[in-house]
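Structural characterization, general
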Amino acid sequence: MLTAYRTRYGAPDVLSVREVANPEPGPGDILVRVHAATVNRTDCGVLSGKPYVFRFFVGWPRPPVGATGTDFAGEVVAVGGSVREFRPGDRVMGFHDHGLGTHAELVCMRADRPIQRIPPTVGYAHAAASLEGAHYAINFITKVQLRPGDSVLVNGATGAIGSAAVALLAHRGMRVTAVAAGPHLDRVSRLGAARVIDFTKAPFVEQLQGERFPVVFDAVGKSTFGICRALLPRDGVYLSSELGPYCENPVRALLAPFLPGPKVRFPVPVDIRRSLRIIDELLRTGWCPMLDRHYDLHGIRDAFAYVASGQKIGNVVLALSPAGLPPGTGTSATCWATTPGAFATCERA
Ligand SMILES: NC(=O)c1ccc[n+]([C@@H]2O[C@H](COP(=O)([O-])OP(=O)(O)OC[C@H]3O[C@@H](n4cnc5c(N)ncnc54)[C@H](OP(=O)(O)O)[C@@H]3O)[C@@H](O)[C@H]2O)c1
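So, a few notes on the structure that sits alongside this text. On a predicted model such as this, the values are computed, not experimentally measured, just so you know.

Neighbouring the ligand are 23 residues; Arg-41, Thr-158, Ile-161, Glu-242 and Lys-312 lie closest to it. Note that an oxygen atom of the ligand is positioned 2.9 Å from one of the backbone N or O atoms of Ala-160. The contact in question runs from an oxygen atom of the ligand to an N or O atom on the backbone of Ile-161, over 2.8 Å. Out of a free accessible area of 940 Å², the ligand has 83% covered by protein chains.

A separate point is the environment of Tyr-124. Mapped onto the secondary structure, Tyr-124 falls in helix 3 (residues 124-129). With sequence-adjacent residues up to four places away left out, Tyr-124 is seen in contact with His-35, Ala-36, Ala-73, Gly-74, Glu-75, Arg-91, Ile-118, Ala-323 and Gly-324.

Relative to the 18 Å expected for 13 residues at 1.5 Å per residue, helix 10 (residues 272-284) spans 18 Å between its end C-alpha atoms, a close match to the ideal helical length. The complete set of buried residues in helix 10 reads Ile-272, Ser-275, Leu-276, Ile-278, Ile-279, Asp-280, Leu-282 and Leu-283. At its buried positions, helix 10 is contacted by strand 5 (91-95), strand 7 (115-117), helix 4 (132-141) and helix 5 (160-171). Just beyond helix 10, the residue with positive phi is Gly-286, at close to 105 degrees.

Turning our eyes to something else, we now look at the side chain of Glu-132. Its place among the elements puts Glu-132 in helix 4. Despite being buried, Glu-132 has no salt bridge partner; Lys-312 is the closest side chain of opposite charge, sitting 5.2 Å away. When near neighbours in sequence (up to four residues on either side) are disregarded, Glu-132 contacts Asn-40, Arg-41, Thr-42, Asp-71, Phe-95 and Ala-160.

Burial analysis of helix 4 places 10 of its 10 residues in the buried class, which makes it a mostly covered element. Along helix 4, the residues that are buried comprise Glu-132, Gly-133, Ala-134, His-135, Tyr-136, Ala-137, Ile-138, Asn-139, Phe-140 and Ile-141.

With an omega of -5 degrees, the peptide bond between Lys-50 and Pro-51 qualifies as cis. Relative to the helices and strands, Pro-51 resides in the loop between helix 1 (41-48) and helix 2 (55-58). With an omega dihedral of 0 degrees, the bond running from Trp-60 to Pro-61 counts as a cis peptide bond. Even without being glycine, Tyr-246 reaches a positive phi, approximately 55 degrees. Locating Tyr-246 in the fold gives a position in the loop between strand 12 (237-240) and helix 9 (248-255). Residue classification places Tyr-246 among the exposed positions, given a relative accessible area of 84%. Its identity as a non-glycine residue notwithstanding, Cys-247 has a phi of 55 degrees, on the positive side.

Turning to the packing of aromatic side chains, a few remarks are in order. What the rule picks out here adds up to four aromatic pairs. Consider the rings of Phe-95 and Tyr-136, whose centres lie 6.2 Å apart with planes at 90 degrees: the pair is edge-to-face. Here Phe-95 is found in strand 5, whereas its partner Tyr-136 is found in helix 4, with 41 residues between them in sequence. On the basis of relative accessibility, which here comes to 1%, the residue Phe-95 falls in the buried class.

The rules behind each value
- Residues numbered from 1 in each chain as written.
- Predicted model: local features only at pLDDT ≥ 70, side-chain atom pairs only at ≥ 80, totals over all residues.
- Heavy atoms only, no water.
- Near = heavy atom within 4 Å.
- Polar contact = N/O pair within 3.5 Å; in protein donor to acceptor, adjacent residues only side chain to side chain.
- Areas by Shrake-Rupley, 256 points an atom, 1.4 Å probe, with all protein chains shown as cover.
- Helix = DSSP H or I, 4+ residues; strand = E, 2+ residues; numbered from the N terminus.
- Contact = heavy atoms within 4.5 Å.
- Expected span 1.5 Å × (residues − 1).
- Buried < 20%, exposed > 50% of the residue type's maximum accessible area, 1.4 Å probe, protein only.
- Lys, Arg positive; Asp, Glu negative; His and termini not counted.
- Salt bridge = Lys/Arg side-chain N within 4 Å of Asp/Glu carboxyl O.
- Phe/Tyr/Trp six-rings, centres within 6.5 Å; stacked < 30°, edge-to-face > 60°.

Read these as geometric descriptors, not functional statements.
And the structure:
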C-alpha cells in the first residue's frame, strides 16, 4: 500500500510517499481502506511537533508512526478475531487528535478507538471533513450555557472550527452572526448564519458597535478578549481557539472566578466519542461540512503547505481513492480547486 511517511518532525518536505507492506489486524483491531482523510491544523502540529510540548502527547523525541493523519473515512476490510462491533464492508469514520496514521491507503487500529459508522447519505469526503474542526467547535460551544434564540458571534467562520461552529449553533437554534471575508459570505450563510459580516471592509468590532452578544467565539484566534470586550455584556463569555498574546486566554480563564465582568473560557478538548455522536446527529439533519481544495497522496506536501498558510476555507480533503473524491470532481490529479459554492446543494453521497 502507499502511505505518507516521515521519520522526524519538521516542515512538509520531511514527508515522502512510499510503498510499504499492508498492515495485518491483531485480534482487537480493524483494518480500514481509507478513502478520504483531511489535512488539517492538528495534522500540522503532528507534522511539525510544535509547540514542543505537543511532542509529549504525540511522541518524544521522534514521531512514533511514519504516516501523518488524524482522521479518516473509509471501509472496513478485515476485523480481528475478538472484534464484534464492526464487520467487513462497514463504512466508518474516526478521529484522534494525537494522530492515527491515516494518510495511507490502509490503516489498522484498535476497534475501541473513537470510530463510528458513516450515515448512509454521506460520502467519504464529507465524512472526513466532518470530524476535526467539529470536534473542537463542539468542545468550545458546549462549555457555555446557551438557549435557542441567543445571539452568538463567530469570528473566523470560514475555518474548519468556525464553519462547524456556525452549523452546530444554527442547528441548536442560536442566532449566529458570522465574520468572514467577503467572497465567502454566501457559503457561511448557507451554513445557517443569520447575519454575515465582512471583516475586510472594517474591523468587525467597529461594524457591530453598540451591540451585545452573550457569547463571542473567535474560532480563528485573530482577536483578543480586550478587543471583543465592548461586544460582551457583564455576564458574557469570550471563547478563543488560540492561546492569545502571552497565553492570556488560558490565564484569564483560570482567573475568571476572581475577576468581575465578562469571562474568558478556554476548554481543553476532550471526549471525542461525544463529539462523534453530535457530528452524526448534525450530518443526519443535513449538515454539509465546508470543503476547499482536495489533493491525492502525491500532493500531500502541497496540501500541508496550503493548510499551514491559514487560508483554507473549511476543510482540505486528501482523497486516497476515487471514492474519496468530493462529489462533482473528476479523476485523480495532484490538486483540484473546488469552485466556491459548488456544494450549495449539498451533493454528499
Ligand atoms: N484550541 C484548540 O484546541 C485548537 C485545536 C485545533 C486548532 N486550533 C487553532 O484554531 C485556529 C483555527 O483552526 P481552523 O482549523 O479552524 O483554521 P483554518 O481552517 O486554517 O481557517 C482559517 C480561516 O480563518 C480565516 N481568517 C483568517 N484571518 C481572519 C480574520 N482576521 N478574521 C476572520 N477570519 C479570518 C481564513 O479565511 P481568509 O483566508 O479568507 O482570511 C480561513 O478561512 C488555528 O489557529 C488553529 O491553530 C486550536
